[in-house]
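Close look at the chain arrangement
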Number of protein chains: 2
Amino acid sequence: MTTALFEKHKAKLAQATDALAARSYWSPFSEMPSPKVYGETAADEGKRAFESYLGKRFDLGQPGQVGTHAGEQSPYGVALDVHYPVCEPQALVDAALKAMPTWEQLGAQGRTGILMEALERLNQRSFEIAHAVMTTTGQGWMMAFQAGGPHAQDRGLEALACAWREQSAIPGEVIWEKPQGKNPPLRMQKHFEIVGRGVGLVIGCGTFPTWNTYPGVFAALATGNPVIVKPHGNAILPAAITVKVIREVMQENGIDPNIITLAVTTENSATQALAMHPAVKSVDFTGSNQFGNWLLDNCKQAQVYAELAGVNNVVIESTDAYRAMLKNLAFSLSLYSGQMCTTTQVIIVPADGIATDEGHKSFDEVAADLGAAIAAFVADNKVACAVLGAIQSDDTLRRVEEAHTYAEVVLPTQALAHPEFPAARVRTPVLLKCDASDEKAYMQERFGPISFVVRAADAQAAVALSERIVREHGALTTGIYSMKPEVVEAMVEATWRGKVSLSINLTGNIFVNQSAAFSDFHGTGGNPSANASYADSAFVANRFRVAQRRFHV
Amino acid sequence: MTTALFEKHKAKLAQATDALAARSYWSPFSEMPSPKVYGETAADEGKRAFESYLGKRFDLGQPGQVGTHAGEQSPYGVALDVHYPVCEPQALVDAALKAMPTWEQLGAQGRTGILMEALERLNQRSFEIAHAVMTTTGQGWMMAFQAGGPHAQDRGLEALACAWREQSAIPGEVIWEKPQGKNPPLRMQKHFEIVGRGVGLVIGCGTFPTWNTYPGVFAALATGNPVIVKPHGNAILPAAITVKVIREVMQENGIDPNIITLAVTTENSATQALAMHPAVKSVDFTGSNQFGNWLLDNCKQAQVYAELAGVNNVVIESTDAYRAMLKNLAFSLSLYSGQMCTTTQVIIVPADGIATDEGHKSFDEVAADLGAAIAAFVADNKVACAVLGAIQSDDTLRRVEEAHTYAEVVLPTQALAHPEFPAARVRTPVLLKCDASDEKAYMQERFGPISFVVRAADAQAAVALSERIVREHGALTTGIYSMKPEVVEAMVEATWRGKVSLSINLTGNIFVNQSAAFSDFHGTGGNPSANASYADSAFVANRFRVAQRRFHV
């Protein structure tokens with residue numbers, strides 16, 4: 001049966017490994033929530049499936065259940081009240097270890113086939129998952145569908161394909177024959193067994209509960225490990241549905257479903273204890289520096305793959321498309337109210353302004369024009385609400401509300417009334433400006449729709465400031481706007497040293513905060529914002545080991 | 001010029017990557033110290049080159065030199081008195097960082113070509129390096145030539161080929177084109193730049209100063225990093241020659257030779273400061289648990305690849321070739337006086353003895369017969385001295401001399417007079433026996449020619465004990481002798497859980513402590529004896545990162 005699944009998905013897997021090598025456009029899961037792709041009834045069924053969870057017990061059939069937990073607060077004000085099973089962490093670990101040997105011995109091919117099937121099944125549930133993502137995170141519908149569904153599935157398949165590439169490079173068994181001159185050769189048979197490291201703990205975040213979770217889940221499972229998913233306390237439902245779907249696919253294929261379980265913990269200390277459990281050998285984490293650094297400092301028994309805070313930035317030196325640049329930036333800053341780990345926070349502009357196709361613009365003009373571009377974008381309430389979504393956390397809301405104290409306000413935030421969800425907390429981006437010397441204002445992550453136009457002495461100082469921010473505080477994305485090749489080149493070299501992605505002169509429908517699976521590496525793993533990347537060899541290669549045996553033949 | 005070197009070595013590189021995929025026998029550098037391979041004059045020239053260093057200053061032309069250091073003590077009693085440059089660590093780091101950008105921008109192809117050339121040049125110096133290895137480590141001549149020369153070069157090429165495979169999987173530039181339905185596609189050009197992590201520190205050991213150093217050196221250099229080699233204080237010369245040769249090849253190709261330097265430190269604290277230097281991003285280490293764990297605990301700014309202590313073990317349940325088994329084990333235990341990180345320390349035998357082709361043998365008979373086999377092997381003084389070599393360190397000598405206090409002596413150690421080096425400290429293996437419950441005797445690494453025959457309740461307990469040793473104390477090698485498929489199978493599964501290599505029923509000219517590049521993984525990276533393996537994807541993949549840039553076209 002597992003061989004059959006591998007055969008079923010072999011062609012797509014080959015496409016996926018080819019795509020990894022080509023890194024040109026490839027997306028196996030359609031990002032259009034269209035009836036033509038997903039079926040005429042998919043949208044309705046997905047919505048109903050989502051609604052069927054509300055106010056009920058969410059059953060997973062996991063061991064060691066000691067109670068239930070509810071408490072997700074929707075940024076849209078939707079009542080969720082889903083009651084999730086709370087299980088003894090030790091029972092989940094025990095069950096994971098019990099499930100592990102069969103899963104390991106299935107081999108890379110068997111595991112990959114089942115996981116390809118699971119991804120396909122998740123894809124079929126994209127509407128249901130999208131509603132869960134939207135309602136828990138505050139994302140707008142289209143983002144929730146795309147990032148929460150197909151794009152997350154793309155990233156899952158990317159990690160799976162990468163793991164397959166690394167595992168399939170190791171032969172299962174070989175004859176080793178060493179010539180001995182005139183004597184008969186030495187001959188041995190050798191077997192190379194791929195074994196997992198142990199339990200993989202995947203800790204989700206509150207903003208992208210599937211997109212930032214699937215790479216770790218699929219990389220760890222693919223390489224022979226059981227996985228325990230610990231979702232963010234306010235974004236449990238998307239993780240719970242994901243775990244449920246994968247458990248079903250496991251069970252259908254004769255695999256102990258406890259190879260993946262959901263750990264709902266009500267205390268931070270319970271998550272910490274789980275992360276330090278001797279059987280836990282990898283931890284995938286997306287979230288705050290505080291908890292991420294705690295993991296890195298304390299979980300010595302495990303490989304920790306961490307995506308932490310950063311200060312993403314863009315340098316504007318000059319442009320030949322001023323309006324298009326402003327529009328592009330305004331959309332970037334508005335998308336999901338700046339609650340993407342890739343959103344620009346700092347926009348660095350030389351003190352004496354920039355050259356543009358509309359003539360010279362002073363520093364203050366650039367700031368004011370960017371503010372106006374944002375204001376223009378959010379002026380259409382319906383479009384604005386669809387793009388902004390709602391503010392995910394109380395902390396972000398607090399930051400938005402106090403942001404005017406951080407620096408001089410260019411554009412204040414504004415509360416919008418959502419046409420569909422009256423209780424939604426919708427806030428437009430706040431734009432501030434300050435001098436480069438005012439580091440306490442902008443030189444730390446201000447997660448949410450809060451950006452700074454920062455005045456640098458000149459273009460060289462702007463590039464140098466970008467590099468220093470990246471090296472000292474980390475960044476997942478940087479951008480440069482310049483018509484001068486030497487400035488672009490200086491920025492390119494700065495990003496090599498800082499080890500960060502760079503987008504150059506984006507003025508169309510690509511935004512600095514977007515990252516496409518199978519082409520864009522998400523994070524480099526080389527600056528403080530993340531020690532790993534979605535998805536490269538390093539993300540998968542240390543999740544398995546090879547135990548060999550040899551004997552004479 | 002660098003393209004020319006890549007072209008020159010391209011065919012061999014392709015063979016190397018093919019060999020990694022096949023893992024059948026392949027050795028690019030000949031292990032026979034034969035004039036037919038190395039040239040009629042190579043042996044004499046190598047000896048003279050080695051002798052030319054003795055009593056002299058060893059010049060490397062490195063920056064920041066503040067003095068010289070001599071002090072290597074040869075286990076053969078040969079006067080070395082080579083004076084090495086002592087350089088300010090900060091000067092070496094500064095020079096490394098200065099050399100790094102050009103090296104990075106050369107690209108994987110340029111770097112690989114130069115490093116292939118360097119390996120070929122090292123191969124031509126195999127006799128010289130063999131004398132340096134033999135004299136500093138106490139290895140016998142043949143081992144010093146093979147393990148110190150061609151086998152080390154094989155491992156260097158293996159790491160280089162592995163790094164090439166991972167780097168060449170990433171395209172340099174691509175066009176990304178996303179369809180937009182009826183509208184024109186979104187088109188972007190993307191560049192993927194491979195960048196190094198930073199300075200790679202490679203800390204050598206006293207017993208295998210090239211074999212255990214070349215993988216880290218070549219993996220780190222190949223992936224765009226400068227390297228600082230910190231040799232063991234008593235095995236500087238092999239590292240110094242290696243660094244000198246690589247520096248020469250760099251210089252010939254217009255590369256700043258400070259891309260690799262030798263750090264001779266006289267204080268442990270200086271090594272610690274270097275290992276914790278913020279610019280040092282990887283540390284390769286072979287040596288004691290004490291220092292290795294210090295590195296793992298303290299060098300948070302770096303990836304640490306550590307090979308530490310272990311308790312290698314063999315289970316004997318039954319055999320159909322009793323004499324051949326004893327002979328094989330006796331040779332394993334004698335080779336370089338048990339000073340290999342892969343030598344068996346614990347031989348586990350059921351209390352009620354074993355079935356053999358010579359009838360039943362009791363536990364005590366097995367122990368006594370193994371002792372007799374060792375005694376027979378070392379009875380030929382010339383052969384014994386050639387195989388045993390000399391005792392490398394004072395600590396090992398002390399352990400050999402006090403070993404009779406650890407457990408009941410089966411075969412005492414014996415000092416032999418070396419026919420060529422009167423001052424050589426040659427000791428034959430000591431064999432002890434004890435009960436499995438006497439854990440304080442055998443359940444820790446007793447590095448050197450000290451082995452224990454350990455009495456387990458039965459075969460099942462023997463396998464279980466082996467597994468526990470591996471999981472709790474680590475091991476690079478295990479072995480099993482059994483005619484019962486179910487016992488072999490139980491041991492195989494134990495080694496999957498313990499993540500350790502297994503040799504089954506070795507009775508011929510392959511020994512449990514041998515590990516062949518391009519076929520055998522050295523260490524799995526999955527038990528306490530090592531967190532990395534020579535050489536797999538995980539050994540190379542996290543030594544570089546990819547910084548991408550993208551723009552509309």
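Residues numbered from 1 in each chain as written. Chains lettered and ligands numbered in written order. Predicted model: local features only at pLDDT ≥ 70, side-chain atom pairs only at ≥ 80, totals over all residues. Heavy atoms only, no water.

Per an unreviewed UniProt entry, chain A carries the name Phenylacetic acid degradation protein PaaN and comes from Variovorax humicola.

**Description of the packing of helix H5 (residues 107-124) of chain A against helix H9 (residues 214-222) of chain A**
Residues and elements named next belong to chain A. Operational definition: Orientation is described by axes fitted as lines to C-alpha atoms, over the contacting stretch for helices, and by angles from 0 to 180 degrees between their N-to-C directions. A run of DSSP states H or I qualifies as a helix once it reaches four residues; a run of E qualifies as a strand once it reaches two. Both are numbered from the N-terminal end. Note that the term roughly parallel is reserved for angles under 35 degrees, roughly antiparallel for angles over 145, roughly perpendicular for angles of 65 to 115, and oblique for everything else. Note on definitions: a residue-residue contact is assigned when non-hydrogen atoms from the two residues lie within 4.5 Å. For this classification, Asp, Glu, Lys and Arg are treated as charged, while Ala, Val, Leu, Ile, Met, Phe, Trp, Tyr, Cys and Pro are nonpolar and the rest, including Gly, are polar.
Where H5 contacts H9, the two axes come as close as 9 Å, and the packing angle between them is 155°. Between H5 and H9, the crossing angle belongs to the class labelled roughly antiparallel. Of the residues in H9, those touching H5 at Arg111, Leu115, Leu119 and Leu122 are Tyr214, Phe218, Leu221 and Ala222. Classifying every residue of the contact of H5 with H9 by side-chain character gives 7 nonpolar, no polar and 1 charged.

**Regarding the domain arrangement of chain A**
All names here are of chain A. What counts here: Annotation comment: domain bounds sourced from an automatic or database domain assignment. Once two parts are joined, some of their accessible surface, as seen by a 1.4 Å probe, is lost; buried area is that loss totalled over both.
Taken domain by domain, chain A comprises domain 1 (2-13 + 28-308 + 533-552) and domain 2 (313-504). In this structure, domain 1 and domain 2 have C-alpha centres spaced 34 Å apart. Listed by partner, the interface residues are 16 residues for domain 1 and 17 residues for domain 2. Taken over both partners, the interface formed by domain 1 and domain 2 buries close to 1300 Å², and the fraction arising from carbon and sulfur atoms is 66%. Looking at the side of domain 1 facing domain 2, the largest losses of area belong to Pro75, Tyr76 and Met143, adding up to 38% of the total buried there.

**Here's the deal with the sheet that holds strand E16 (residues 450-456) of chain B**
Strands pair in a sheet through their backbones, by hydrogen bonds, and they do so in one of two ways: parallel or antiparallel. Test applied: Strands are treated as partners if at least two bridges between them are detected by DSSP.
Spatially, the 10 strands line up as an open sheet ordered E3(A)-E4(A)-E19(A)-E18(B)-E17(B)-E10(B)-E11(B)-E16(B)-E15(B)-E12(B), and their pairing is mixed. The open sheet has two edge strands with one neighbour each: strand E3 (173-180) of chain A together with strand E12 (408-411) of chain B. For this sheet, the mean angle separating the axes of adjacent strands, direction not counted, is 25°. In the sheet, strand E19 (residues 544-552) of chain A pairs with strand E18 (residues 501-504) of chain B via 3 bridges, with the strands oriented parallel. Bridge assignment links A:Arg549 to a residue of E18(B), and that residue is B:Leu502.

**Some details on the UniProt feature "domain: Aldehyde dehydrogenase" (unreviewed entry) in chain A**
Formally: UniProt positions are given in the numbering used here, feature names are shortened, and annotations may be inferred rather than shown by experiment.
In the UniProt entry, the feature "domain: Aldehyde dehydrogenase" (unreviewed entry) is given for residues 91-502 of chain A. Within residues 91-502 of chain A, the helical portion is 47% and the strand portion 20%, while the C-alpha atoms at the span's ends are 45 Å from each other.

**Some details on the interface of chain A and chain B**
Filter applied, for reference: The working definition used for a salt bridge is a side-chain nitrogen of Lys or Arg within 4 Å of a carboxyl oxygen of Asp or Glu.
Tallying the contact residues gives 69 residues for chain A and 69 residues for chain B. Carbon and sulfur atoms make up 56% of the surface buried where chain A meets chain B, a total of about 5700 Å² over both sides. Ranking the residues of chain A by area buried against chain B places A:Tyr25, A:Trp496 and A:Arg550 at the top, with a combined share of 14%. At the junction of chain A and chain B, the tally comes to 10 salt bridges. As a salt-bridge pair, A:Glu31 and B:Lys178 come within 2.9 Å of each other at their nearest N and O atoms. The set of elements that each furnish at least two residues to the side of chain A that touches chain B consists of helix H1 (2-22), helix H8 (150-168), E3, strand E4 (183-196), helix H19 (485-498), strand E18 (501-504), helix H20 (537-541) and E19 of chain A. A total of 8 residues in the side of chain A that touches chain B trace back to one element, the largest contributor, which is E19(A). Residue composition of the side of chain A that touches chain B, by class: 32 nonpolar, 20 polar and 17 charged.

**Some details on the relation of the copies chain A and chain B**
Condition: Superposition of the copies used a least-squares fit over C-alpha atoms from residues whose pLDDT is at least 70 in both.
Least-squares fitting of chain A to chain B yields an RMSD of 0.0 Å, with the superposition described by an axial translation of 0.0 Å and a rotation of 180°. The superposition operator between the copies reduces to a two-fold rotation axis. Judged by C-alpha distance, A:Ala538 is the residue of chain A that lies nearest the rotation axis, at 3.2 Å. Here 100% of the interface residues in chain A have copies in chain B that are interface residues too; the copies meet face to matching face.

**Focus on the environment of B:Val217**
Residues and elements named next belong to chain B. The criterion, for reference: For every residue, the accessible area obtained with a 1.4 Å probe (protein chains only) is divided by the maximum for its type, and the residue is called buried under 20%, exposed over 50%, and partly exposed between those limits.
In this fold, valine 217 is placed in helix H9 (residues 214-222). Classification of valine 217 by relative accessible area gives buried; the value is 2%. Along the sequence, valine 217 and leucine 160 sit 57 residues apart, while their C-alpha atoms lie 9.3 Å from each other. With residues near it in sequence (within four places) discarded, valine 217 still touches Val202, Val227, Val229, Ile246 and Ile260.

**Remarks on the pairing of strand E4 (residues 183-196) of chain B**
Residues and elements named next belong to chain B. Within E4, 10 of the 14 residues are buried, which leaves the element mostly enclosed by the surrounding structure. Note that strand E3 (residues 173-180) and E4 share 7 bridges and pair antiparallel. The partner of glutamine 180 across the bridge, within E4, is asparagine 183. Between E3 and E4, which follow one another and run antiparallel, lie 2 residues, and glycine 181 among them has a positive phi close to 60°. Here 9 bridges tie E4 to strand E19 (residues 544-552), and the two strands are oriented antiparallel to one another. Considered in E19, the bridge of glutamine 189 is made with phenylalanine 551.

**Comments concerning helix H11 (residues 268-275) of chain B**
All names here are of chain B. Stated precisely, the cut-off is as follows: Directions are taken from the helix axis to each C-beta atom, and the arc is the one they span.
Regarding H11, the residues found buried are Thr271, Leu274 and Ala275. Summarising the axial view, the buried residues of H11 lie within an arc of 100°, below the 170-degree limit, and thus occupy one face. If you follow the buried residues of H11, they end up packed against helix H4 (89-105), strand E5 (199-203), strand E6 (227-230), strand E8 (280-286) and helix H12 (289-298).

**Regarding the pattern of salt bridges**
Taken as a whole and judged by the stated rule, the model has 64 salt bridges over all chains. With a closest N to O distance of 3.8 Å, B:Asp297 and A:Lys300 form a salt bridge. Note that B:Asp297 is positioned in helix H12 and A:Lys300 in the loop between helix H12 (289-298) and strand E9 (303-307), a pairing that runs across two chains. A relative accessible area of 37% places B:Asp297 in the partly exposed class. Between B:Arg398 and B:Asp395 there is a salt bridge, with the nearest N and O atoms lying 4.0 Å from each other. In this pair, B:Arg398 and B:Asp395 both sit in helix H16 (residues 394-402), 3 residues apart, roughly one turn of the helix. Overall, B:Asp395 belongs to the partly exposed group, its relative accessible area being 45%. Residues participating in the shared-partner salt-bridge network are A:Lys8, A:Glu117, A:Glu120, A:Arg121 and A:Glu252.

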